[in-house]
Amino acid sequence: LHSFPTRRSSDLPLYEHYASQPNEHLLLATRMHPYTLLLPGLFIVTLAIVLSALSFLAALHGVINSLHFFALLSAVWMVASMLFAGHVLLWRSHYYIVTSRKMIEIRGFPLLFYTINDILLDQVRCTEIDIKTEGILDTILNMGDITLTFDRPTHQESFTIAHIHDPRRIGFFLGDMLEESKNHLSPLVWNKPTSERHAVIYESQKLRPLFSTASN
C-alpha cells in the first residue's frame, strides 16, 4: 500500500476500539460494495410502482374513492421507504475489521440485534487466500470476495469478506500482513516494513488513513 499523510485525531473514524490490546493496531475496515443495495432497491421501487398503478386503476374504475386511493398510495410508498431504509441500515451495520491481532465480521441492526464473528490471528495459521470476482458487472465495478482459510488445532475454518470494492488490493494487503506476521515469535503484531507504520480504513470505495505513527 502507499504511504499516507498523518490525519488529525478529529478525523479518525470510530473503529479504533476494536484494537484494544497492547501493541494492537487497526489496519483495515471495509463494508460491502454499495452496489449490493441496488437490486433490493429496484425490487422495492418496482413493487411500489405496481401497487400504485393497481390502486390508480381501482380508483379509475370506481372500486375505491379518491380519498382511499390517496391513503393507499401514501401507505404503499411509506412502507417501501421503510423497507429500503431498513436495508440500508443492515448494509451500514455489516462490516469487516482487521487489526494486527484479529479479523472481525460485525452484523447488526440498530436496537435489535448485534453479532460478531472473529478470528484471533495468533491462534491460527492462514493456509490460503482466494480472491474471487464473478461476471462482467463485478469486473466493471471492481467488486468481489476474499476468502481466507485457517488451520485450527482441530479443524479448518474460513473467513469470507464478501462483495467488497477492490478485492485484489485488499487481498494482497492481507496476504502481505499475514506473511509478515510469520516472522514474529512474540504474540502477533504486524509491522509494515517501512520507516512508518500505517493503519488504513477502506470504506465506501475510498482508502483513507486512520493514523500514522513513526516506528522506533
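Residues numbered from 1 in each chain as written. Predicted model: local features only at pLDDT ≥ 70, side-chain atom pairs only at ≥ 80, totals over all residues. Heavy atoms only, no water.

Asker: Please give an account of the packing of helix H1 (residues 38-60) against helix H2 (residues 66-92) that cites residues and values.
Answerer: Viewed as axis vectors pointing N to C, H1 and H2 meet at an angle of 175°, and their least axial separation amounts to 10 Å. By the angle between their directions, the pair H1 and H2 is classed as roughly antiparallel. Across from Pro 40, Gly 41, Ile 44, Val 45, Ala 48, Ile 49, Leu 51, Ser 52, Ser 55, Phe 56 and Ala 59 in H1, the residues of H2 making contact are Phe 69, Leu 72, Leu 73, Val 76, Trp 77, Ala 80, Leu 83, Phe 84 and His 87. Here the contact of H1 with H2 is built from residues that sort into 16 nonpolar, four polar and no charged. (Axes fitted to C-alpha atoms, helices over the stretch in contact; angles between N-to-C directions. Helix = DSSP H or I, 4+ residues; strand = E, 2+ residues; numbered from the N terminus. Parallel < 35°, antiparallel > 145°, perpendicular 65-115°, else oblique. Contact = heavy atoms within 4.5 Å. Nonpolar A, V, L, I, M, F, W, Y, C, P; charged D, E, K, R; others polar.)

Asker: Describe the packing of aromatic side chains, with residues and values.
Answerer: Tallied over the entire structure, the rule returns four aromatic pairs. With 6.4 Å between their ring centres and 75° between their planes, Tyr 18 and Tyr 95 make a pair best called edge-to-face. Within this pair, whereas Tyr 18 is found in the segment before strand E1 (26-31), its partner Tyr 95 is found in strand E2 (residues 95-99), the two being separated by 77 residues in sequence. Tyr 95 shares its class with Tyr 18; the two are buried. With centroids separated by 6.3 Å and ring planes inclined at 75°, the aromatic side chains of Tyr 96 and Phe 159 adopt a geometry described as edge-to-face. Of this pair, Tyr 96 sits in strand E2 while Phe 159 is found in strand E7 (residues 156-165), placing the two residues 63 residues apart along the sequence. (Phe/Tyr/Trp six-rings, centres within 6.5 Å; stacked < 30°, edge-to-face > 60°. Buried < 20%, exposed > 50% of the residue type's maximum accessible area, 1.4 Å probe, protein only.)

Asker: Account for the sheet that holds strand E5 (residues 125-132), naming residues and giving values.
Answerer: Strand order in the open sheet formed by three strands is E5-E6-E7, and the pairing between neighbours is antiparallel. The two strands at the open ends of the sheet, each matched to only one other strand, are E5 and E7. For this sheet the average axis-to-axis angle between neighbouring strands, irrespective of direction, equals 15°. The pairing of strand E6 (residues 143-151) with E7 spans eight bridges and is antiparallel. Looking at E7, one finds that Phe 150 is bridged to Glu 157. (Pairing = 2+ DSSP bridges.)

Asker: So what's going on with H2? Which residues, and what values?
Answerer: When the terminal C-alpha atoms of H2 are compared, their 39 Å separation across 27 residues agrees well with the 39 Å that a helix rising 1.5 Å per residue should span. For H2, the complete set of buried residues consists of Phe 69, Val 76, Ala 80, Gly 86 and Trp 91. Looking at the packing, one finds that the buried side of H2 touches E1, H1 and strand E3 (102-109). For H2, the N-terminal capping position is held by Asn 65, with its side-chain oxygen 3.2 Å away from the main-chain nitrogen of Leu 67. (Expected span 1.5 Å × (residues − 1). Polar contact = N/O pair within 3.5 Å; in protein donor to acceptor, adjacent residues only side chain to side chain.)

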